[in-house]
Amino acid sequence: MPDATLHEHTLDNGLRVVVREDHMAPLVAVNLWYSVGSRHERPGRTGLAHLFEHLMFQGSANVAEGEHAALMQDAGAQFNATTSFERTNYFETLPTSHFELALWLEADRMGTLPSALTQVNLDNQRDVVKNERRQRYDNVPYGTAVERLFALAFPEGHPYAHTPIGSMADLEAATLDDCRDFFTAYYAPDNAVISIVGDVDGAKAFAEVERYFGHLGKGPGVPAARNGHAGPLPEQLRREVAEAVPAPALFGLFRLPADGTREMEAIDLAIGILGSGTSCRLYERLVRQDQLVTEMWFGTDRFASGDSVALLQLVAASGADLARIEEVFDAELAAFVSGGPTAAEVERVLAQTERSFLNQTATVTGLADEISMQTTLFGDPGRVFTTVERVTSITVEEVVAAARTYLAPQNRAVLSYRPES
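First, a word on scope: everything that follows refers to the structure included in this document. (Residues numbered from 1 in each chain as written. Predicted model: local features only at pLDDT ≥ 70, side-chain atom pairs only at ≥ 80, totals over all residues. Heavy atoms only, no water.)

By volume, the largest pocket amounts to about 1400 Å³. If you go around the largest pocket, you meet 43 residues; those closest to its centre are D268, T300, D301, R302 and S356. Residue assignment for the lining of the largest pocket shows that the elements contributing at least two residues are α5 (145-153), α9 (262-275), β9 (293-301), β10 (308-316), α12 (343-361), α13 (364-378) and α14 (387-392). Among the elements that line the lining of the largest pocket, the one with the most residues is α12, at seven residues. Considering only residue class, the lining of the largest pocket consists of 19 nonpolar, twelve polar and twelve charged. By volume, the second largest pocket is sized at about 370 Å³. Along the walls of the second largest pocket sit 15 residues, with R136, Y137, V146, T163 and P164 positioned nearest its centre. Mapped by element, the contributors of at least two residues to the lining of the second largest pocket are α4 (119-138) and α5. The residue makeup of the lining of the second largest pocket, split by class, is seven nonpolar, four polar and four charged. (1 Å grid on protein atoms, 1.4 Å probe; cavity = no way out; pocket = protein on both sides within 12 Å on 5 of 7 lines; lining within 4 Å. Points joined across faces, edges and corners; volume = space filled by probe spheres on them. Helix = DSSP H or I, 4+ residues; strand = E, 2+ residues; numbered from the N terminus. Nonpolar A, V, L, I, M, F, W, Y, C, P; charged D, E, K, R; others polar.)

Another aspect to go through is the packing of helix α2 (residues 67-74) against helix α3 (residues 99-112). In contact at an axis separation of 11 Å, α2 and α3 are set at 170° when each is read in the N-to-C sense. The angle between α2 and α3 falls in the class roughly antiparallel. On α3, the residues that touch H68, L71 and M72 of α2 are L101, A102, W104, L105 and R109. Here the contact of α2 with α3 is composed, by residue class, of six nonpolar, one polar and one charged. (Axes fitted to C-alpha atoms, helices over the stretch in contact; angles between N-to-C directions. Parallel < 35°, antiparallel > 145°, perpendicular 65-115°, else oblique. Contact = heavy atoms within 4.5 Å.)

A few words on the pattern of salt bridges. Under the definition given, this model contains 27 salt bridges. Taking the shortest distance from any N to any O, the salt bridge between R238 and E326 comes out at 2.8 Å. Remark: E326 occurs in helix α11 (residues 322-339) and R238 occurs in strand β7 (residues 237-243); sequence separation between them is 88 residues. On the accessibility criterion, R238 (44% relative accessible area) is partly exposed. Between R288 and E284 there is a salt bridge, with its nearest N and O atoms 3.1 Å apart. Here E284 and R288 lie together in helix α10 (residues 281-289), a separation of four residues that amounts to about one turn. In the salt-bridge network here, residues are joined through shared partners; they are D259, E265, D268, R302 and R390. (Salt bridge = Lys/Arg side-chain N within 4 Å of Asp/Glu carboxyl O. Buried < 20%, exposed > 50% of the residue type's maximum accessible area, 1.4 Å probe, protein only.)

Taken in spatial order, the five strands line up as β7-β11-β8-β10-β9 in an open sheet, and their pairing is mixed. Both edges of this open sheet fall to β7 and β9, since each of them pairs with a single strand only. The mean inter-strand angle of the sheet, taken between neighbouring strand axes irrespective of direction, is 10°. Strands β7, β8 (249-256), β10 and β11 (413-419) of the sheet are contacted by α5, whose axis makes an angle of about 140° with β11. (Pairing = 2+ DSSP bridges.)

Another aspect to go through is empty space enclosed by the protein. A full pass over the atoms with the stated rule returns two cavities of 30 Å³ or more. Those elements that place two or more of their residues in the lining of the largest cavity are β8, β10 and α11. It is β8 that provides the largest number of residues to the lining of the largest cavity, a total of three residues. For the lining of the largest cavity, the class distribution of residues is six nonpolar, one polar and two charged. Its boundaries defined by the atoms lining it, the second largest cavity holds a volume of some 30 Å³.

Core analysis: the largest hydrophobic core is formed by 54 residues, its most contacted members being L15, Y187, I196 and F213. In terms of residue count, the dominant contributor to this core is α3 (seven residues). The next biggest cluster of nonpolar side chains, apart from the first, holds 40 residues, and it includes A270, I271, I394 and Y406. (Core = buried A, V, L, I, M, F, W, Y, C linked by side-chain atoms within 4.5 Å.)

As structure tokens, then:
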């Protein structure tokens, strides 16, 4: 990737700033990551991290409710926010002429959001999140499968035992004081990274960030996060679910190594060979050859602060037996561990990995997000430019060894969905 020079600076208040100049178009991406996600929530108050993703657009000391979105739209910006287990990010891509507007809006809500946080705002956004949960999870076939899998695969109290959407009961129980305490603990400059990519001068960008964020004080100190490392499962865990679903289905979760390790790179390649795309082994066997499955997905979610996971979805074809599907699935895993991948399979998955990386980083928006991720989770923004090198350095022997350890039958939690009578 040409011109991979990154400029870094940390403000006195701890805000880490990374700038990469790209003058191909008069656009700039501003990408802000806070080191807070669902893994930082305490039992009984799940869903707060995701709730804040919504509350942060509801106004601050100098921005009225709805004005943040209106100003961004008037500026021709693309903007949004997302929440995961490990972080919450806020991002906008807009014409360079409006660069300072993005900084001012982000700084104002980082510094003053509690002054605009009212019971009305909380109730409104709580209802929005509850409706999102109904539409995406509770009222769609198999919608709660991932939530059930995490609860099954990780013990109660583990930071990954619940997902970012949170429970209805916990959302309903959240108070203004809970929200203010959560904001104070996590929404501080020294718990954030801001990446700026695009048509800006590095020195000027640092000066502008200092101007808008420099006066904000450090936070009181982030509460210690619970340990997310549990290792492979000692035995297989299973549960049967009877719901109004269109067809029987199997869902599985495997506990994997933490992101940032060679083992994680190796198992990701193994799962790519087995389950990525319509030319992978599992699709060829389960869908094309044996016609046991109509829908198949097998992929990974990487977590740097604990166990990553592999998630599996197999929806049975008409008349297919779940036990037979699982038998064939296990046979394909055993064959892979026994014989290893072919040269063509390795070449395919490496090409897919490189294409995915290039697609992500081809825009200022995607590159800024990748830089924020590497800085937040690994402390090294330059790590983004060694992604392909790290993957291509993995040997076939490492891939097979990782598959033998982490795709073993005992290292999985399994949900069997059966249609209600």
